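Take a look at the letters that make up each chain.
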Amino acid sequence: MGKLKTAPKDETTLKWEKKVADVLVGKTIRNVRYMTDKEMQDFMWYKKAIIIFFTDGTYILPSSDDEGNNAGALHTNIASLPIIPVI
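Counting starts from 1 at the beginning of each chain's written sequence and moves along it residue by residue. Given that the model is predicted, a residue must reach a pLDDT of at least 70 before its local features are reported, and side-chain atom pairs must reach 80 or more before they are shown or counted; all residues, however, enter totals for whole chains, interfaces and linings. Side-chain numbers come from the whole structure's heavy atoms, not from hydrogens or water.

**Re the environment of Asn-70**
Each helix corresponds to a stretch of at least 4 residues labelled H or I by DSSP, and each strand to a stretch of at least 2 residues labelled E; elements are numbered beginning at the N terminus. Inspection of the secondary structure puts Asn-70 in the loop between strand E3 (59-60) and strand E4 (74-78). Here the term buried applies to any residue with accessible area under 20% of the maximum for its type, exposed to any over 50%, and partly exposed to those in between, with areas from a 1.4 Å probe on protein chains only. Judged by its relative accessible area of 17%, Asn-70 is buried. Any two residues whose heavy atoms approach within 4.5 Å are treated as being in contact. Those residues in contact with Asn-70 that lie beyond four places of it in its chain are Trp-45, Tyr-46, Lys-47, Ser-63 and Ser-64.

Set out below in structure tokens:
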């Protein structure tokens, strides 16, 4: 993946960036692990996603789409870890 470029932002993009930043910026990661088999089944998924847990009890995990149809991968700009795959 190449360097991400900045583009003009529309109102929807700006709204969602602010909403996400308001709840994520400043959080501290407590733990990172893949979903358990039971969690995967509870989501009715066929793959396991990584879960990022924060010290305030909240968590995030990637989904393949907005409807939560399956686990999703995370792409990074970390040379030794360019993608965090689903398993």
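**Comments concerning the nonpolar core**
To define a nonpolar core, start from buried Ala, Val, Leu, Ile, Met, Phe, Trp, Tyr and Cys residues and group those joined through side-chain atoms within 4.5 Å. Residues Met-35, Met-40, Trp-45, Ala-49, Ile-51, Phe-53 and Ala-71 constitute the largest nonpolar core, which totals seven residues. If sequence neighbours within four positions are ignored, Trp-45 has contacts with Met-35, Met-40, Leu-61, Pro-62, Ser-63, Gly-68, Asn-69, Asn-70 and Ala-71.

**Some points on a nonpolar patch on the surface**
Patches in this entry comprise residues that are over 30% relatively accessible and not in a salt bridge; like charges within 9 Å are linked, as are nonpolar side chains (Val, Leu, Ile, Met, Phe, Trp, Tyr) within 5 Å. We get accessible surface area from the Shrake-Rupley algorithm with a probe of 1.4 Å; when it comes to residues, only the shown protein chains can shield them. Note on definitions: salt bridges are taken to be side-chain nitrogens of Lys or Arg within 4 Å of carboxyl oxygens of Asp or Glu. There is a patch of nonpolar side chains on the surface, built from Trp-16, Val-20, Val-23, Leu-24 and Ile-60 and spanning about 410 Å² of accessible area. It is helix H1 (residues 11-24) that provides the largest number of residues to the nonpolar patch, a total of four residues.

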